[in-house]
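The chain contents come next:
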Amino acid sequence: MVTYSVLDLVSVRTGQTSAQAVAASMALATLADELGYARYWFAEHHNMPAVASTSPAVLIAAAASRTQRIRVGSGGVMLPNHAPLIVAEQFATLEAMAPGRIDLGIGRAPGSDPVVTHLLRQSGATSDVDRFPQHVADIAAIMSPEGATMRFTSGGEYAVHATPSAASSPEIWLLGSSDYSAMLAAQFGLPYVFANHFSGQGLERALDLYRTQFQPSAVLDAPRTFLTTNVVAAPTLDEAQARALPQMRMFAKLRLNQPLTALETVEEAQAALETVSDREREAMEGVRSRWMIGTGETVRTELAAFAAQHGVDEVMVVPVAGAYDAEDRATSFGREQTLRLITGV
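First, a word on what this report is: a plain description of the structure on this page.

The description of two packed helices rests on the angle between their axes and on the distance between the axes. It is the contact of helix α5 (residues 132-143) with helix α6 (residues 179-188), at a shortest axis distance of 12 Å, that shows an interaxial angle of 45°. Here α6 runs oblique to α5, going by the angle between their axes. Like other packed secondary-structure pairs, α5 and α6 cross with a definite hand, here right-handed. Between α5, through Phe132, Pro133, Val136 and Ala137, and α6, the contact on the second element is made entirely by Tyr180, Leu184 and Phe188.

Within soluble globular proteins, side chains that are nonpolar generally end up buried alongside one another. The biggest cluster of nonpolar side chains holds 70 residues, and the ones touching the most others in it are Tyr37, Tyr40, Phe91, Leu104, Ile106, Leu303 and Val317. Per element, the largest residue contribution to this core is 7 residues, and it comes from helix α1 (residues 18-35). Beyond its immediate chain neighbours, meaning those up to four positions away, Tyr37 contacts Tyr4, Ser5, Val6, Ala32, Arg69, Ile70, Val317, Leu339, Ile342 and Thr343. By size, the runner-up hydrophobic cluster in this structure holds 28 residues, among which are Trp173, Ala240, Trp291 and Ala321.

A side chain of one charge can pair with a side chain of the opposite charge if their charged atoms are brought near each other. Within this structure, the stated rule accounts for 12 salt bridges. With a shortest N-O distance of 2.6 Å, Arg205 and Asp179 are connected by a salt bridge. A residue pair is termed long-range when its members are at least 10 positions apart, and Arg205 in helix α7 (residues 203-213) and Asp179 in helix α6 qualify at 26 residues. Look at Asp179 and you get partly exposed, because its relative accessible area is 24%. With its nearest N and O atoms 2.8 Å apart, the salt bridge here joins Arg243 to Glu239.

Another point: the environment of Ala206. Of note, Ala206 is situated in helix α7. Residue Ala206 is classed as buried on the basis of its relative accessible area, which comes to 0%. Along the primary structure Ala206 and Met143 are separated by 63 residues, whereas in three dimensions their C-alpha atoms are 28 Å apart. Sequence-distant contacts of Ala206, that is, excluding residues within four places in its chain, are made with Ser178, Asp179, Ala182, Tyr192 and Phe194.

Residues Met150, Phe152 and Tyr158 make up a contiguous nonpolar surface patch of roughly 350 Å² in combined accessible area. Note that Phe152 resides in the loop between β5 (148-151) and β6 (157-160). Using a relative accessible area of 46% as the deciding quantity, one classes Phe152 as partly exposed.

What follows covers the packing of aromatic side chains. As enumerated under the stated definition, the model contains 9 aromatic pairs in all. Between the aromatic rings of Trp41 and Phe226, the centroid separation amounts to 5.5 Å while the plane-to-plane angle is 55°, which identifies the pairing as tilted. Placement of Trp41 in strand β2 (residues 39-42) and of Phe226 in strand β9 (residues 225-233) is noted, with a sequence separation of 185 residues between them. Here Trp41 falls in the buried class, since its relative accessible area comes to 1%. Taking relative accessible area as the criterion, Phe226 reaches 0% and is therefore assigned buried. Geometrically, the ring pair formed by Trp173 and Phe226 is tilted, given 4.9 Å between the ring centres and 55° between the ring planes. Of the two residues, Trp173 sits in strand β7 (residues 171-176) while Phe226 sits in strand β9, which places them 53 residues apart along the sequence. This pair shows no difference in class: Trp173 is buried, exactly as Phe226 is. Aromatic rings pair up to connect Trp41, Trp173 and Phe226 into one cluster.

So, on to the packing of helix α8 (residues 237-255) against helix α10 (residues 278-288). Interaxial distance between α8 and α10 falls to 9 Å at its minimum, and their mutual angle equals 115°. Relative to α10, α8 is oriented so that their crossing is right-handed. Contact residues: Gln241, Leu245, Met248, Arg249, Phe251 and Ala252 in α8; Glu280, Ala283, Met284, Val287 and Arg288 in α10. The residue inventory of the contact of α8 with α10, partitioned by class, reads 7 nonpolar, 1 polar and 3 charged.

Calculation criteria
- Residues numbered from 1 in each chain as written.
- Predicted model: local features only at pLDDT ≥ 70, side-chain atom pairs only at ≥ 80, totals over all residues.
- Heavy atoms only, no water.
- Axes fitted to C-alpha atoms, helices over the stretch in contact; angles between N-to-C directions.
- Helix = DSSP H or I, 4+ residues; strand = E, 2+ residues; numbered from the N terminus.
- Parallel < 35°, antiparallel > 145°, perpendicular 65-115°, else oblique.
- Left-handed = near helix turned anticlockwise from the far one by under 90°.
- Contact = heavy atoms within 4.5 Å.
- Core = buried A, V, L, I, M, F, W, Y, C linked by side-chain atoms within 4.5 Å.
- Buried < 20%, exposed > 50% of the residue type's maximum accessible area, 1.4 Å probe, protein only.
- Salt bridge = Lys/Arg side-chain N within 4 Å of Asp/Glu carboxyl O.
- Patch = residues over 30% accessible without salt bridge, like charges linked within 9 Å, V, L, I, M, F, W, Y side chains within 5 Å.
- Areas by Shrake-Rupley, 256 points an atom, 1.4 Å probe, with all protein chains shown as cover.
- Phe/Tyr/Trp six-rings, centres within 6.5 Å; stacked < 30°, edge-to-face > 60°.
- Nonpolar A, V, L, I, M, F, W, Y, C, P; charged D, E, K, R; others polar.

Rendered as structure tokens:
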């Protein structure tokens, strides 16, 4: 049996406000909880017209308050954008709000363009990407019930706790799409997730490095990993393919470094197909080859085969189904349909 989880970028489509997009994602998190999904993670991206998941900790708090048993977390917090102490304090507080249900997924990429990265560093405390391993270790120590001890060059010591009286800690996951995070997760004995939904290149090598170099730790005695993948499920293949078009076009624009917009409706994406260039069409076909698009039955079969091929028992789906013009702006019917059909409910 494959366990399913969800990764949400809080998509904003044409004519939709950020408030409506967030409301739709909160409804989707509630549905995932009801359907038995294992975890619901929010990504961190900045300054993108089609993505409202800029503040994972805020979204996690909102989702945790609306759910009962599902784990909620970040996929992930982009650590170079934040001071490690602030991340530790935020997630220790989330753990106090929803004990035993918080995941802290940490990534090393900035999740933004160079201008936004500069603004983040100019306007507040951020972390040095070259000290990423030390900052991961610091966050884990500060969030623990025991806290961390800072030692001064003079010989003095100072205790630091993310929250005054923690009873438990969030579960830390390292995220990545390259060898670096796989090897660091193995070295630290932490669970690891390869960002297959964004870049499928190097998946097998990253998993092999993680599994062969893994060193048991106080939190994990054997490698633990799952995979992410983009999924669209609908009652018919034709509908699933149509609902996949808006996100496929956005991914193609990202690959070709073209200007981004709010996520197109299905009708807008279909109309745009009449004038796309060969390069755009090729980029879309490359995206399509790695996604799972079809009916609930075919997608479930593909997910099971995908999990078996890579030796995992959990798959985190990114429900990328787009919306038709006629659908309510405050809902995400296509994404909700995808989650239901995956589980067969």
